[in-house]
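Architecture at a glance
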Amino acid sequence: MKLAIIGTGYVGLVTGTCFAEVGHDVICVDNDAAKVKMLQAGGIPIYEPKLQELVQKNVAEGRLSFTSSTAEGVEKSDVIFIAVPTPPQPDGSVDLSFIERVARDIAGAMTGYKIVVDKSTVPVKTGERVSETIKRYCKAKVEFDVVSNPEFLREGFAVDDLMKPDRVVIGVRSQRPVAAMKEIYSPFKAPIIITDIASAELIKHAANSFLALKISYINAISIVCEASGANVEQVAEGIGLDERIGRRFLNAGIGFGGSCFPKDLSAFIKISEQIGYDFRLLQEVQRINAQQMDRFVKKITDTLWVLRDKTIGVLGLAFKQNTDDVRMSPAIDLCQRLQKEGAALRVHDPKAMDKAKPLLKGATYVDDMNAVAEGCDAIVIATEWEEFKSLDLDRAQKSLSHPIMFDGRNLFDPAEMEKRGWVYKSVGR
Ligand code: UGA
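These numbers come from a predicted model, not from an experiment.

Cut-offs used in this document
Residues numbered from 1 in each chain as written. Predicted model: local features only at pLDDT ≥ 70, side-chain atom pairs only at ≥ 80, totals over all residues. Heavy atoms only, no water. Helix = DSSP H or I, 4+ residues; strand = E, 2+ residues; numbered from the N terminus. Rg over C-alpha atoms; globule rule 2.2 N^0.38 Å. Contact = heavy atoms within 4.5 Å. Areas by Shrake-Rupley, 256 points an atom, 1.4 Å probe, with all protein chains shown as cover. Lys, Arg positive; Asp, Glu negative; His and termini not counted. Charge placed at Lys NZ, Arg CZ, Asp CG, Glu CD. Salt bridge = Lys/Arg side-chain N within 4 Å of Asp/Glu carboxyl O. Buried < 20%, exposed > 50% of the residue type's maximum accessible area, 1.4 Å probe, protein only. Disulfide = S-S within 2.5 Å. Near = heavy atom within 4 Å. Polar contact = N/O pair within 3.5 Å; in protein donor to acceptor, adjacent residues only side chain to side chain. Nonpolar A, V, L, I, M, F, W, Y, C, P; charged D, E, K, R; others polar. Core = buried A, V, L, I, M, F, W, Y, C linked by side-chain atoms within 4.5 Å. Phe/Tyr/Trp six-rings, centres within 6.5 Å; stacked < 30°, edge-to-face > 60°. Lys NZ or Arg CZ within 6 Å of the ring centre and 35° of its normal. Domains from an automatic or database assignment. Pairing = 2+ DSSP bridges. Axes fitted to C-alpha atoms, helices over the stretch in contact; angles between N-to-C directions.

1. Considering the overall build of the chain
The helix and strand inventory of the chain stands at 16 helices and 14 strands. Against the globule reference of 22 Å for 429 residues, the chain gives a C-alpha radius of gyration of 23 Å, in line with a compact fold. With respect to the three principal axes, the spread of C-alpha positions in the chain is 75 × 50 × 40 Å. Restricting to contacts in the chain with at least 6 residues of sequence separation, those with at least 24 account for 71%. A total accessible area of about 19,200 Å² is found for the chain, and carbon and sulfur atoms account for 52% of it. Charge centroids of the chain, computed over 55 positive and 58 negative side chains, lie 2 Å from each other.

And the structure:
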């Protein structure tokens, strides 16, 4: 099928590339001309495993192209996906102005029936607004359908999540766009559920909020574990083997971050408030998440006492493993708090150092993770990168003034660390 994707951020670029990979003709549109040029030349603006190879392959095979003209994208496609940012506003609601702008641009370029699909994460009822906007601004007065098709990919695993989705959600107002939407997704061999538009929009917010709730739940359990001498990992395993609960997203740590969970929680609380429901359960999820970081910082200050004139080595800056994304990263937040207490920092991240530099100033960026501990008073694990598990502990032990580790992601085994002579503090164990 002929598809346009408006917006080449994480969702737009990965979606467009995977659609091309399964055989569709895809044109990706972005109003950032420099980004389009980079993509046309085979570069990609983000680190995402497997993505660059797939972009280059599909461009070479003629199924994937890039343009900065929305009109060109609309003209050449039957189905147009909107995948532009919906950034947070200070009051917790989301800024829908990019969506509105794109809806007008699409309307202005339509000369025949089109399916306009919203893939950006939006509050419930946005589809209605997009529909009204297109109707108002479409001079040609042609027919169209608006569809809500939320995306569930995780950064760092985006290609795999898109190629093998757990489910595809398609929210429609009429049956007319259903066959085309099913055709687009049939190569992915996933269960497809057809809903009304409002339900599809709600599924996205409800899913992300539930996952955030799961994390805050296990983080709350971690506090009880610390107070009672239990081990949160064993508790997570014990409850997670119940298929009704599941083990995933039960990793205790310094809390969730990123460009999705914090924003989507606030937006869901806000839209619920606007339509008359005070979503206190989700407010508590936010509170536990903030408290988890406070508790971890306290663990560090309780152990090291005064941080002024001390040097701390921090492993991890990205908001989670396998990405260079530092937006709303708990690791950056933690670093800034340690700096505020007067500590000097030596930091390392396998992929996110360039993106961290503008946000985290005054730290020493170290290229080799095994060199981070040199001259430090303690080492902190802030992101759950797999490779941190192979840190050269003997070398770190020799480099530190005293072997102290604060593991905010529970990567090491407490018994093993104690046996090696470390003062080792993790979360809920
Ligand atoms: C999340 C959802 O998982 C995706 O399904 C969704 O499509 C995406 O948001 C989105 O709305 O676009 P993402 O933000 O990429 O994906 O990252 P996650 O893997 O969900 O991790 C989010 C945060 O939770 C990270 O800071 C991570 O460290 C933390 N986390 C995750 C935990 O603290 N514990 C866990 O057990 C899992």
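2. A look at the pattern of salt bridges
A full pass over the atoms with the stated rule returns 35 salt bridges. A salt bridge links Asp-30 to Lys-35; its shortest N-O distance comes to 3.7 Å. Residue Arg-429 is joined to Glu-233 by a salt bridge in which the shortest nitrogen-to-oxygen separation is 3.7 Å. With Arg-429 in the segment after strand S14 (423–425) and Glu-233 in helix H10 (residues 232–240), this pair connects stretches of sequence that are 196 residues apart. Using a relative accessible area of 24% as the deciding quantity, one classes Arg-429 as partly exposed. Several salt bridges share partner residues, and in doing so they unite Asp-394, Glu-416, Lys-419 and Arg-420 into one network.

3. Some remarks on the environment of Glu-21
Positionally, Glu-21 belongs in helix H1 (residues 10–21). Put simply, Glu-21 and Asn-58 are 37 residues apart on the chain and 6.3 Å apart in space, counted from C-alpha to C-alpha.

4. Here we look at the state of the cysteines
Cysteine pairs can be linked by a disulfide, which is a covalent bond between their two sulfur atoms. Following the criterion strictly, the structure yields 0 disulfides and no others. Note on Cys-18: no disulfide assigned, nearest cysteine sulfur contributed by Cys-28 at a separation of 11 Å. Judged by its relative accessible area of 0%, Cys-18 is buried. Counting only cysteine sulfurs, Cys-376 is the nearest neighbor of Cys-335, a cysteine outside any disulfide, at a range of 12 Å.

5. Observations regarding the site of the ligand
Taken together, 21 residues surround the ligand, and among them Leu-153, Glu-155, Lys-204, Asn-208 and Glu-384 come closest. The backbone of Leu-153 places a nitrogen or oxygen atom 2.7 Å from an oxygen atom of the ligand. Elements supplying a minimum of two residues to the shell around the ligand: helix H9 (197–228) and helix H11 (261–274). If one sorts the elements of the shell around the ligand by residue count, H9 sits on top with 3 residues. Classifying every residue of the shell around the ligand gives 9 nonpolar, 4 polar and 8 charged.

6. Concerning the nonpolar core
The biggest cluster of nonpolar side chains holds 59 residues, and the ones touching the most others in it are Ile-300, Ile-312, Leu-334 and Met-405. If we ignore the near neighbours within four places in the chain, the residues touching Leu-334 are Ile-254, Met-293, Phe-296, Val-297, Ile-300, Val-380 and Ala-382. Of all hydrophobic cores here, the second largest spans 39 residues; its members include Val-14, Phe-66, Val-147 and Val-168.

7. Here's the deal with the packing of aromatic side chains
Summed over the entire model, instances satisfying the criterion amount to 8 aromatic pairs. For the pair Phe-256 and Phe-261, a centre-to-centre distance of 5.9 Å together with 85 degrees between the ring planes defines the contact as edge-to-face. Aromatic rings pair up to connect Phe-19, Phe-81, Tyr-185 and Phe-188 into one cluster. One Lys or Arg, Arg-176, reaches over the ring of Tyr-113 and ends 3.6 Å from the middle of that ring.

8. Describing the domain arrangement of the chain
Many descriptions give the size of an interface as the accessible area lost when the pieces come together. Once the domains are mapped, the chain shows domain 1 (2–190) and domain 2 (211–425). Placing the centre of domain 1 and that of domain 2 at their C-alpha centroids yields a distance of 33 Å. Counting residues at the interface gives 19 residues for domain 1 and 20 residues for domain 2. Inspection of the domain 1/domain 2 interface yields 1 salt bridge. A salt bridge links Glu-155 to Arg-327; the shortest N-O distance between them is 3.5 Å. Our enumeration of links across domain 1 and domain 2 arrives at 7 residue pairs in polar contact (both at pLDDT 80 or more). Considered class by class, the residues forming the side of domain 1 that touches domain 2 number 11 nonpolar, 5 polar and 3 charged.

9. Thoughts on the sheet that holds strand S13 (residues 404–407)
Strand order in the open sheet formed by 6 strands is S11-S10-S9-S12-S13-S14, and the pairing between neighbours is parallel. Sheet topology places strand S11 (364–365) and S14 at the edges, where each strand pairs with a single neighbour. Relative to S14, S13 runs parallel, the two sharing 3 bridges. Bridge pairing in S14 places Ile-404 opposite Val-423. Sitting on the sheet, helix H13 (residues 330–340) is in contact with strand S9 (311–315), strand S10 (344–348) and strand S12 (378–381), with an inclination near 160 degrees to S10.

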